[in-house]
Amino acid sequence: AMAAFGMLYTLYMILLLVEIWLVYREQIVLTARRSRGVKRLLFATLALGVYDISREALATDKRTITILAALGIPAACILHGYVGFIFGSVKANPWWGSVLMPIVFLMSAIVSGIAMVMFLYILLSLVRNEKLDMRCLDKIGLFLLVAIIVDFVLEALDYIHRLYQSEESIGILTQLVSSKLFLSLVVVQLLLGMLLPLLILVLVRSVRFNEELRKVLYFTTSLLILLGIFSMRWNVVIGG
């Protein structure tokens, strides 16, 4: 599995590099043309000898980006579920051995990815002193709300299924959750990293807060979710 996913990682990285190059190709060419010295040499190298930025060329770039993005979605799903696949395949470790592990890892990657987009958008807009597009931010918040609900349900199903099976390992797993991992799992991951952000996002959707308060709530939510997802990975690896 590690060898197979190593090849997938490489192909996915190449796909992303090509996609990013196409997205920024126009800016790269324009910067190469108006720069001098080392900067010109750098951007001329990044242009890869392709200086055509006509309307037809940019339209071709856009179509290619769409195709690559479509190919990248299933590749990303497999890629981010891979770590969970590795852990879930270890039958000898009851904390890891679960068929839901790849799906939980995939959903946590989606949640943390959306939260990171929200966090960076707010942070960079503040640094650049640019006005935030609240319609865009509200839409990201809606995607995040849906993703975190699905993630919460999947993780809850995983734990409920383990309790219902009540195999011989349930005793040590219960002890692990209630002692060594109580702070990082119950407090940080569940309460601070999932339930509190979920409550904040529901409130933002339900109550008419002003823009400034919504910005603060969205920023706080994204930070808490990133902390919670980090804690989730910590609990899986260190806990296991």
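Conventions used here
- Residues numbered from 1 in each chain as written.
- Predicted model: local features only at pLDDT ≥ 70, side-chain atom pairs only at ≥ 80, totals over all residues.
- Heavy atoms only, no water.
- Helix = DSSP H or I, 4+ residues; strand = E, 2+ residues; numbered from the N terminus.
- Contact = heavy atoms within 4.5 Å.
- Core = buried A, V, L, I, M, F, W, Y, C linked by side-chain atoms within 4.5 Å.
- Buried < 20%, exposed > 50% of the residue type's maximum accessible area, 1.4 Å probe, protein only.
- 1 Å grid on protein atoms, 1.4 Å probe; cavity = no way out; pocket = protein on both sides within 12 Å on 5 of 7 lines; lining within 4 Å.
- Points joined across faces, edges and corners; volume = space filled by probe spheres on them.
- Axes fitted to C-alpha atoms, helices over the stretch in contact; angles between N-to-C directions.
- Parallel < 35°, antiparallel > 145°, perpendicular 65-115°, else oblique.
- Nonpolar A, V, L, I, M, F, W, Y, C, P; charged D, E, K, R; others polar.

Caption draft 1: Structural view of the environment of Ala115. Along the chain, Ala115 falls in helix H4 (residues 101–127). Residues Ala115 and Ile225, 110 residues apart in the sequence, show an inter-C-alpha distance of 6.6 Å. Each residue touching Ala115, except ones within four places of it in the same chain, is listed here: Leu144, Ser222, Ile225 and Leu226.

Caption draft 2: Seen up close, the nonpolar core. One finds Trp95, Val111, Met118, Leu137, Leu144, Tyr218 and Ile225 to be the most contacted residues of the largest nonpolar core, which totals 39 residues. Mapped onto this core, the elements with two or more residues apiece are H4, helix H5 (134–165), helix H6 (170–178), helix H7 (182–206) and helix H8 (211–239). Of the residues forming this core, the biggest block, 10 residues, is contributed by H4. Dropping the residues within four chain positions of it, Met118 is found in contact with Leu137, Ile140, Gly141, Leu144, Tyr218 and Ser222. By size, the runner-up hydrophobic cluster in this structure holds seven residues, among which are Phe5, Leu8, Tyr12 and Ala75.

Caption draft 3: Expanded view of the layout of surface pockets. Within this model, the largest pocket holds a volume of roughly 380 Å³. Lining the largest pocket are 17 residues, with Pro94, Gly97, Arg162, Gln165 and Glu167 sitting closest to its centre. Of all the secondary structure elements, the ones that give two or more residues to the lining of the largest pocket are H5 and H6. The element best represented in the lining of the largest pocket is H5, accounting for four residues. The computed volume of the second largest pocket comes to approximately 310 Å³. Every residue along the wall of the second largest pocket is listed here: Ala76, Cys77, His80, Leu106, Ala109, Ile110, Gly113, Met116, Val117, Leu120 and Tyr121. Among the elements of the structure, helix H3 (55–88) and H4 are those that each provide at least two residues to the lining of the second largest pocket.

Caption draft 4: Representation of the packing of H6 against H7 within the structure. Between H6 and H7, the least distance of the axes is 6 Å, while the angle of their chain directions is 65 degrees. In terms of orientation, H6 lies roughly perpendicular with respect to H7. In this structure, H6 contributes Leu176, Val177 and Ser178 to the contact, and H7 contributes Phe182, Leu185 and Val186. Split into classes, the residues belonging to the contact of H6 with H7 amount to five nonpolar, one polar and no charged.

Caption draft 5: Here's a closer look at the environment of Phe43. Along the chain, Phe43 falls in helix H2 (residues 37–46). Once the C-alpha coordinates of Phe43 and Ile122 are considered, the two residues, 79 residues apart in sequence, prove to be 28 Å apart. With sequence-adjacent residues up to four places away left out, Phe43 is seen in contact with Ile28, Thr31 and Ala32.

Caption draft 6: Up close: unusual backbone geometry. Phi at Leu48 is positive, roughly 60 degrees, even though this residue is not glycine. Within the secondary structure, Leu48 sits in the loop between H2 and H3. Judged by its relative accessible area of 61%, Leu48 is exposed. Non-glycine residue Asn129 carries a positive phi angle of around 60 degrees.

Caption draft 7: Spatial organisation of empty space enclosed by the protein. Inspection of every chain in the model, using the stated rule, returns one cavity of 30 Å³ or more. Approximately 130 Å³ is the volume attributed to the largest cavity. Every residue lining the largest cavity is listed: Trp95, Met101, Val104, Glu155, Asp158, Tyr159, Arg162, Leu185, Gln189, Met232, Asn235 and Val236. Elements with a contribution of two residues or more to the lining of the largest cavity: H4, H5, H7 and H8.

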